[in-house]
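# Secondary and tertiary structure notes
What follows is the residue order along each chain.
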Amino acid sequence: MSLPLGSQAPAFLLHGVDGSDRSLASYEDAELLALIQSCNHCPYVLAWEGRMIALQRAYADRGVRLVAVNSNDASRHPEDGFERMVTHAAEQAFNFDYLHDPEQLLARELGSERTPEVFLFDRARRLVYHGAVDDNRDDSAVGRHYLAEAIDAALAGEPVAVSETPAVGCTVKWLS
């Protein structure tokens, strides 16, 4: 069961591909924080990564922080191991933090089910949007930009009109 709307962001302490440890407090200056369940190999994640980079670029100067989190079981899916995360982030030129959740604690707190899956928290770190980045895996066929719309509303201090959408993607690869 996913974290209900209005819930507080869970605390975490995770290692990033840049070698730094990050916690929820690391982002205390961010107006909005988008935690995005991610990984290295899912074709859905790969399809949306460019849009995630574009969103971070578009909203960085307005205090929005996107943070990708990989919680997949690397023992069964070695392509999602930390070393490969470092390589993948460099190859894709990520402009957002990419954190490793090897014990799946954050994924469980969020109730994550899919990659990619967005959890957008407002300034008070209440969940205001949960679901997909947008409505189509094919970037040329996107009709609704759910995450961008949610960011715009939250930055304006308005309610998010579409606050939940189905997350579309691969399942989180849980530890056995």
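About the criteria used
Residues numbered from 1 in each chain as written. Predicted model: local features only at pLDDT ≥ 70, side-chain atom pairs only at ≥ 80, totals over all residues. Heavy atoms only, no water. Helix = DSSP H or I, 4+ residues; strand = E, 2+ residues; numbered from the N terminus. Rg over C-alpha atoms; globule rule 2.2 N^0.38 Å. Buried < 20%, exposed > 50% of the residue type's maximum accessible area, 1.4 Å probe, protein only. Contact = heavy atoms within 4.5 Å. Areas by Shrake-Rupley, 256 points an atom, 1.4 Å probe, with all protein chains shown as cover. Lys, Arg positive; Asp, Glu negative; His and termini not counted. Charge placed at Lys NZ, Arg CZ, Asp CG, Glu CD. Expected span 1.5 Å × (residues − 1). Bend = angle between axes of the 7 residues up to and from the residue. Phe/Tyr/Trp six-rings, centres within 6.5 Å; stacked < 30°, edge-to-face > 60°. Lys NZ or Arg CZ within 6 Å of the ring centre and 35° of its normal. Arc of directions from axis to C-beta. Pairing = 2+ DSSP bridges.

### Topic: the overall build of the protein
Each helix and strand counted, the protein has four helices and nine strands in total. In the protein, the succession of α and β elements from N to C terminus is β-β-β-α-β-α-β-α-β-β-β-α-β. In terms of overall size, the protein behaves like a compact globule, its C-alpha atoms giving a radius of gyration of 15 Å where 176 residues would be expected to give roughly 16 Å. The C-alpha extent of the protein, read off along each of the three principal axes, is 45 × 35 × 30 Å. Burial statistics for the protein: of 176 residues in total, 53% are counted as buried. A separation threshold of at least 6 residues defines the contact pool for the protein, and within that pool the share at least 24 residues apart is 76%. For the protein, the accessible surface area stands at approximately 8,000 Å², while carbon and sulfur atoms represent 50% of it. Separation between the mean location of the 15 positive side-chain charges and that of the 27 negative ones in the protein comes to 2 Å.

### Details of helix 1 (residues 43-59)
The end-to-end C-alpha separation of helix 1 is 25 Å, in line with the 24 Å expected for 17 residues at 1.5 Å each. At Glu-49, helix 1 shows its maximal kink, close to 35 degrees. Every buried residue belonging to helix 1 is among Val-45, Trp-48, Glu-49, Arg-51, Met-52, Ile-53, Leu-55, Gln-56 and Tyr-59, and all of these are buried. In this structure, the buried residues of helix 1 make contact with strand 3 (32-38), strand 4 (64-70), helix 2 (82-92), strand 6 (114-115) and helix 4 (146-155).

### Focus on the packing of aromatic side chains
Inspection of every chain in the model, using the stated rule, returns four aromatic pairs. Considering the side-chain rings of Phe-12 and Tyr-27, the 6.5 Å spacing of their centres and the 35 degrees angle between planes classify their relative orientation as tilted. Here the residue Phe-12 occupies a position in the segment before strand 1 (13-16), and Tyr-27 occupies one in the loop between strand 2 (21-23) and strand 3, the gap between them amounting to 15 residues. The same class applies to Phe-12 and to Tyr-27, which are both buried. Over the ring of Tyr-44 we find Arg-137, and its NZ or CZ is 4.4 Å from the ring centre.

### As for helix 2
Within the sequence span of helix 2, burial applies to Phe-82, Met-85, His-88 and Ala-89. Along the long axis of helix 2, the arc covered by the buried residues comes to 110 degrees, so they all point the same way. Opposite the packed face of helix 2, turned more than 90 degrees from it, sit the exposed residues Glu-83, Ala-90 and Glu-91. The secondary structure elements touched by the buried residues of helix 2 are strand 1, helix 1, strand 4 and strand 5 (97-100). Where helix 2 terminates, the next one or two residues include Ala-93, which has phi positive at roughly 55 degrees.

### Quick notes on the environment of Ser-38
Along the chain, Ser-38 turns up in strand 3. Sequence-distant contacts of Ser-38, that is, excluding residues within four places in its chain, are made with Val-45, Ala-68, Val-69, Asn-70, Ser-71, Tyr-98 and Thr-115.

### Some remarks on the pairing of strand 1
Within a regular beta strand, the side chains point alternately toward one face of the sheet and then the other, so they alternate between its two faces. The side-chain alternation of strand 1 yields one buried face, formed by Leu-14 and Gly-16, and one unburied face, formed by Leu-13 and His-15. Note: strand 1 against strand 5, two bridges, orientation antiparallel. Counterpart to Gly-16 in the pairing with strand 5 is Leu-99.

By themselves, these are just geometric observations and shouldn't be taken as functional.
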